[in-house]
Amino acid sequence: MVSKIRNSIVFRIGSLLMAMTVMAVLSMFSSFVISEIADKDAAAINVSGSLRKQSYLMLSTLLVAENTAAVTEQQAVFEQFETILSDPVLISGDLVSPDSALAQSYKTVVVSWKTEVKPALEQYNSTATAKAQLFDTVNSFVDKIDFLVLQYQQAAESKIELLRIIQIIALFSTLILVYVAMTSIHGHIEKPLAQLTAMARRVRDGDLTSRVELDNKDELGLLAQAFNSMSDSLSEMYADLEGRVSRKTMQLKRSNDSLQLLLNTSRLSNNATEEDLDFQPILDELSNLTGIGDMDLCITKQDADSPYIHLLEIDEVSNRPNCDTGNCEGCLSHSGTIMSNVQGCYTVRFALEREEHNYGVLVVRMKYKNGLEAWQHQLIQAVADQIAVGLSLKNQVHQDRRVALLNERTVIARELHDSLAQSLSYLKIQVSRMQKAHDKQADGEVFQNLIDEIRDGLGSAYRQLRELLSTFRLQVGGRGLKGALEDAISQLSNRTNMKITLDYQVDSILFTPNEEIHLLQIAKEALQNSLHHSKGENVKVSLVENNNQVTVSVADDGVGIPDGPEKMNHYGLDIMKERAKLLTGRITMERAGERGTIVTFVFSPESIHSNVALSR
């Protein structure tokens, strides 16, 4: 029981409530019992007090009685007195116990009545002596009655005093129980709850270091232990989460720095010219990010014995037997392998390879105790691959430049052969004719005709030379094909009275630089033919797209072209056909109705080919 009271708040509060309830019930029950016992006390006091009046009534009746009728009346008074004396209230068991002083006093009054007072009253004579004795007897009897009344009064007062004592005891017991309950509530409920509430607020605010110091073994003590355990668990969990977040943050930062390094490497490789290829900042950043201070970047040409670029990243003096002796073959021939040396280090070589072409090697040296982590290996390999991609792109650009230069030289040779070379051959023939005419001593008219033909040939050759120079200087600027066509039309409009208009409906098509150059050359060649030979007033250049094909047309309202194919070749159709062939297209030159000529070129741009392939 004591253990339950000590270890259970509910049992403790229930016990106190039970004790107060029992105390209240006992108090009410005792009050009820005492009130029931004291219910006849007032009647007993009243009846016993009436005995005194009745005694004096008998005496007065006796003194005034002088005849038989008076004796009869006296006898009735005696009977009434005895009736009152034997009243059940006076002899009730609730009031008079056999051995009590009240019972003895009552017996004394009864005995005195029967043995003294009643005989004296019955034997009374009218003498003075008898009268005096009778008065003394009655007075003595009344004193005994007074003492009996006093006994009844004291019995009633004792019951009231007992009731008062019980009520006081119940009151003080209740107050004590209330005090004990309030003290228990304050010490075992209010204070622990206040500590638990304060801890809950601190936990809510993020303070997981607070603890509840309670030694109670009751429910709140158990709750405090649970709170402390929960706080410890949360603190450990938060510490673990913070550690994991910190590690994840470091990994994300490292990944971000790695991506930034790869982006910088890719940007440098793709945007820089060969003279601007400086990988030293990339090597420095790679060393700083990986924490490896000993790196070499050797960039070589294919089948070369030594690098043409050798970059170092050294944080301490290292032994490099291959570099000291100039033996580059030792690194280049062992790309991707791990080699050890005498200083307790190992070397990892990352080959700069792209499409079976070796551009060099990235050498990393580390202490055995440090080791190369997986992310370091992946990052260094990615940087090496990016450098190889950049070098490959630069090599491809050089190859493209070489091919473009060869193609341009081929175009120039073809242009010179088809135009200026033909004119010079014609002039050479005319000079030979003039030499023969001189040898034959021809007349002046023949010489004049030859001179006129040579003059016309020189003029034509000079014009063709200017056109070739203009063609060779032709370029497409930042405004694209449309801007180049507008500039060409503007220049040609200043040299002719013909009205030139442009209908450009292919803004949504992306042409390659090669396509733009050839389209511009074809359109310009056709325009020059119209301006020089059509003798018209208007010429229109149109570019439209239809059925995944682009149509370029140049139409004039001039005299038209003759039907002979040799005349058509005279207008540079072969040159335009050659350009059309390079773009995998077809070109035609024909009359446009009764008057005028139209040159039409149809082809499919590479961008449209790509879109069609993707849609499929």
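Computed from a prediction, not measured in an experiment: that's the story for all the values here.

S.K.: I would appreciate a short explanation of the sheet that holds strand β10 (residues 597-603) in the present structure.
M.R.: One key point about sheets: their strands pair by backbone hydrogen bonds, in either a parallel or an antiparallel sense. Read from one edge to the other, the open sheet built from 5 strands follows the order β6-β7-β8-β10-β9, with strand pairing classed as mixed. The open sheet terminates on both sides in strands that have one partner only, identified here as β6 (499-504) and β9 (586-591). For this sheet the average axis-to-axis angle between neighbouring strands, irrespective of direction, equals 10°. Relative to β10, β9 runs antiparallel, the two sharing 6 bridges. Looking at β10, one finds that E590 is bridged to I598. Most of the contacts of helix α16 (residues 573-582) go to β9, to which it runs at about 150°, and overall it touches β9 and β10.

S.K.: Explain helix α2 (residues 9-37) here, please?
M.R.: Since one α-helical turn is 3.6 residues long, residues separated by three or four positions face the same way. The end-to-end C-alpha distance of α2, which contains 29 residues, comes to 42 Å, matching closely the 42 Å that a straight helix rising 1.5 Å per residue would cover. For α2, the set of buried residues is I9, R12, L16, M20, S27, S30, S31 and I34.

S.K.: Which parts of the structure should I look at to understand unusual backbone geometry?
M.R.: Glycine aside, residues mostly have negative phi, and peptide bonds are mostly found in the trans state. At K535, a residue that is not glycine, the phi angle is positive and equals roughly 60°. Take K535: it is sitting in the loop between α14 (513-534) and β7 (538-546).

S.K.: Just checking my understanding: could you explain the packing of helix α13 (residues 480-493) against α14 for this structure?
M.R.: The packing of two helices is summarised by the inter-axis angle and the distance between the axes. At a closest axis distance of 10 Å, the pairing of α13 and α14 adopts a crossing angle of 20°. For the element pair α13 / α14, the angle class is roughly parallel. Of the two elements, α13 crosses α14, and the hand of that crossing is right-handed. Facing G480, L481, A484, L485, A488, I489 and L492 of α13, the residues of α14 in contact are E516, L519, L520, A523, L527, Q528 and L531. The residue inventory of the contact of α13 with α14, partitioned by class, reads 11 nonpolar, 2 polar and 1 charged.

S.K.: Can you help me understand the environment of V552 in this one?
M.R.: Secondary-structure assignment places V552 in strand β8 (residues 549-556). On the basis of relative accessible area, V552 is assigned to the buried category, the value being 5%. Sequence-wise, V552 and L520 are 32 residues apart; in three dimensions their C-alpha atoms are separated by 10.0 Å. When near neighbours in sequence (up to four residues on either side) are disregarded, V552 contacts L519, S542, L543, V599, T600 and F601.

S.K.: Sorry if this is basic, but what is going on with α13 here?
M.R.: Here α13 contains 14 residues, and its C-alpha end-to-end distance of 20 Å stays within 8% of the 20 Å for a straight helix at 1.5 Å per residue. Taken together, the buried positions of α13 are G480, L481, G483, A484, L485, A488, I489 and L492. Against β6, α14 and β7 lie the buried residues of α13.

S.K.: Sorry, what's going on with the nonpolar core here?
M.R.: A general tendency of soluble globular proteins is for nonpolar side chains to be buried together. Of all hydrophobic cores here, the largest spans 36 residues; its most connected members are L481, F511, L519, L527, L543, M576 and F601. Counting residues in hydrophobic clusters, the runner-up holds 28 residues, among them M58, L62, F141 and V142.

S.K.: Explain the environment of N547 here, please?
M.R.: With respect to the helices and strands, the residue N547 is situated in the loop between β7 and β8. In the structure, N547 is positioned 57 residues away from S604 in sequence and 9.4 Å away in space, judged by C-alpha atoms.

S.K.: What am I meant to see in the pairing of β10 here?
M.R.: Each regular strand displays side chains that alternate between the two surfaces of the sheet. Across the 7 residues that make up β10, a large majority, 6, are buried. Strand direction decides the pairing type here: β8 and β10, joined by 6 bridges, are antiparallel. Bridging from a neighbouring strand, A555 pairs with I598 of β10. Counting the residues in the hairpin turn of β9 and β10 gives 5 residues, including G593, whose phi is positive at 75°.

S.K.: For this particular structure, what's the right way to read the pattern of salt bridges?
M.R.: Under the definition given, this model contains 8 salt bridges. Taking the shortest distance from any N to any O, the salt bridge between E82 and K118 comes out at 2.6 Å. Note that E82 is positioned in helix α4 (residues 68-85) and K118 in helix α5 (residues 101-122), a separation of 36 residues in sequence. Measuring nitrogen to oxygen at the nearest pair gives 2.5 Å for the salt bridge that ties R164 to E161. Highlighted residues: R164 and E161, both in helix α6 (residues 128-204), separated by 3 residues, approximately one helical turn. Taking the relative accessible area as the measure of exposure, R164 reaches 41% and is therefore partly exposed.

Parameters and conventions
- Residues numbered from 1 in each chain as written.
- Predicted model: local features only at pLDDT ≥ 70, side-chain atom pairs only at ≥ 80, totals over all residues.
- Heavy atoms only, no water.
- Pairing = 2+ DSSP bridges.
- Helix = DSSP H or I, 4+ residues; strand = E, 2+ residues; numbered from the N terminus.
- Axes fitted to C-alpha atoms, helices over the stretch in contact; angles between N-to-C directions.
- Contact = heavy atoms within 4.5 Å.
- Expected span 1.5 Å × (residues − 1).
- Buried < 20%, exposed > 50% of the residue type's maximum accessible area, 1.4 Å probe, protein only.
- Parallel < 35°, antiparallel > 145°, perpendicular 65-115°, else oblique.
- Left-handed = near helix turned anticlockwise from the far one by under 90°.
- Nonpolar A, V, L, I, M, F, W, Y, C, P; charged D, E, K, R; others polar.
- Core = buried A, V, L, I, M, F, W, Y, C linked by side-chain atoms within 4.5 Å.
- Salt bridge = Lys/Arg side-chain N within 4 Å of Asp/Glu carboxyl O.

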